[in-house]
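# Per-entry structural report
Residue-level listing of the chains:
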Amino acid sequence: MRKSLTAAIAALPALLTLTACSAGSSATDGTPSASPTALSSLAGHAPLTVQQLTRALVTGSDLPGWVVEQSSSSDGVQTTAPEEFNPDDLSAQDPSGGQAVLTADRPDCQPLADVASTRPAIHRMASVGAEFAPKPSSGPGAGGTSKGSSVVPASVNQMLVASHAPGDARKVMASVTSALATCTRFVATGGDGVRTPFAIARGPAVPVGDQAVSYVMTDTSDKKTGAALVTVVRTGDTITSYLSTQSKGGAGAVPLAVARKQDAKLRAALAARR
């Protein structure tokens, strides 16, 4: 199954990178899942380190029925430089540093580009990433597609879990929400100069975390397969961003089971800080 997931990701680079797939964007504020007292204990402390984020990252044992693989971008080295979902797979990379920097042609849309950029305006203190997908059954109509001897999952997802300086995670959510109120399309320029046109559409409500928004980004030059659902969740001073696509093309669904488990593990990690 791990090989199937890796193969699916390799076969769908345009869909599994926020720089190459986009489609509409829409956000919905989530309902806080903890009391004000509990929430106050999760924010305002030292940011989680790479090691702490790695321990808090969901695994396959946390999620029966899912396969989870930590991304190669999670190299275990903490820096103050932002990291990306998977820099090696990104189509718009900065050749000087291997980073994917996205610049929107409209300032009000920049927070949406920043979700996919290694140099967002509100930078990440540390981050880890993973790819995950539901385990497909091998029988006919089981929710996956056969490819040779392996079964490719019907949907594939990527996630980035990032810690922020106290208060910055709230700023990230505020900037994304504000952008979604006015930004319906923009052109993103990557570090290699490639320009990609994106359209933004409303996504479903996301009842998880302290705040959450979702939106669909569509690469308007590739409407058939160039769409992905982006979900951004705040848990205390952390931001988890999810990119969901269908293997056959198009935006995937909000991975609520994964998001809820990730939120719970981050809450535990945040509460354990001394």
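Criteria and thresholds
Residues numbered from 1 in each chain as written. Predicted model: local features only at pLDDT ≥ 70, side-chain atom pairs only at ≥ 80, totals over all residues. Heavy atoms only, no water. Helix = DSSP H or I, 4+ residues; strand = E, 2+ residues; numbered from the N terminus. Buried < 20%, exposed > 50% of the residue type's maximum accessible area, 1.4 Å probe, protein only. Contact = heavy atoms within 4.5 Å. Areas by Shrake-Rupley, 256 points an atom, 1.4 Å probe, with all protein chains shown as cover. pLDDT = per-residue confidence, 0-100. Pairing = 2+ DSSP bridges. Salt bridge = Lys/Arg side-chain N within 4 Å of Asp/Glu carboxyl O.

### Remarks on the overall build of the chain
- The number of helices and strands found in the chain is six helices and eleven strands.
- By the burial criterion, 54% of the 274 residues in the chain qualify as buried.
- A fraction of 71% describes how many contacts in the chain between residues 6 or more apart in sequence connect residues 24 or more apart.
- Taken as a whole, the chain presents about 11200 Å² of accessible surface, with 55% of it coming from carbon and sulfur.

### Things to note about the confidence of the model for the chain
- Confidence in the prediction of the chain, expressed as mean pLDDT, is 75, and 68% of residues score 70 or more.
- Contacts for the low-pLDDT stretch residues 1–41, under 50 throughout, to residues beyond four places or in other chains number 148 contacts.
- In this model residues 73–98 is a low-confidence stretch, pLDDT under 50, and it forms 85 contacts with partners more than four residues away in sequence or in other chains.

### Regarding the sheet that holds strand β8 (residues 195–202)
- Strand order across the open sheet formed by nine strands is β1-β3-β6-β11-β10-β9-β8-β7-β2, with antiparallel pairing between neighbours. The sheet is open, and its two borders are formed by β1 (66–70) and β2 (103–104), each paired with just one other strand.
- Sheet analysis places strand β7 (residues 185–189) next to β8, joined by five bridges and oriented antiparallel. The partner of Thr 189 across the bridge, within β8, is Arg 195.

### As for the pattern of salt bridges
- The final tally for this structure, using the stated rule, is six salt bridges.
- The partner of Arg 106 in a salt bridge is Asp 108, and the shortest N-O contact between them spans 2.7 Å.
- Residue classification places Asp 108 among the partly exposed residues on the basis of a relative accessible area of 26%.
- What you see here is one network of salt bridges that share partners, running through Asp 210, Arg 234, Asp 263 and Arg 267.

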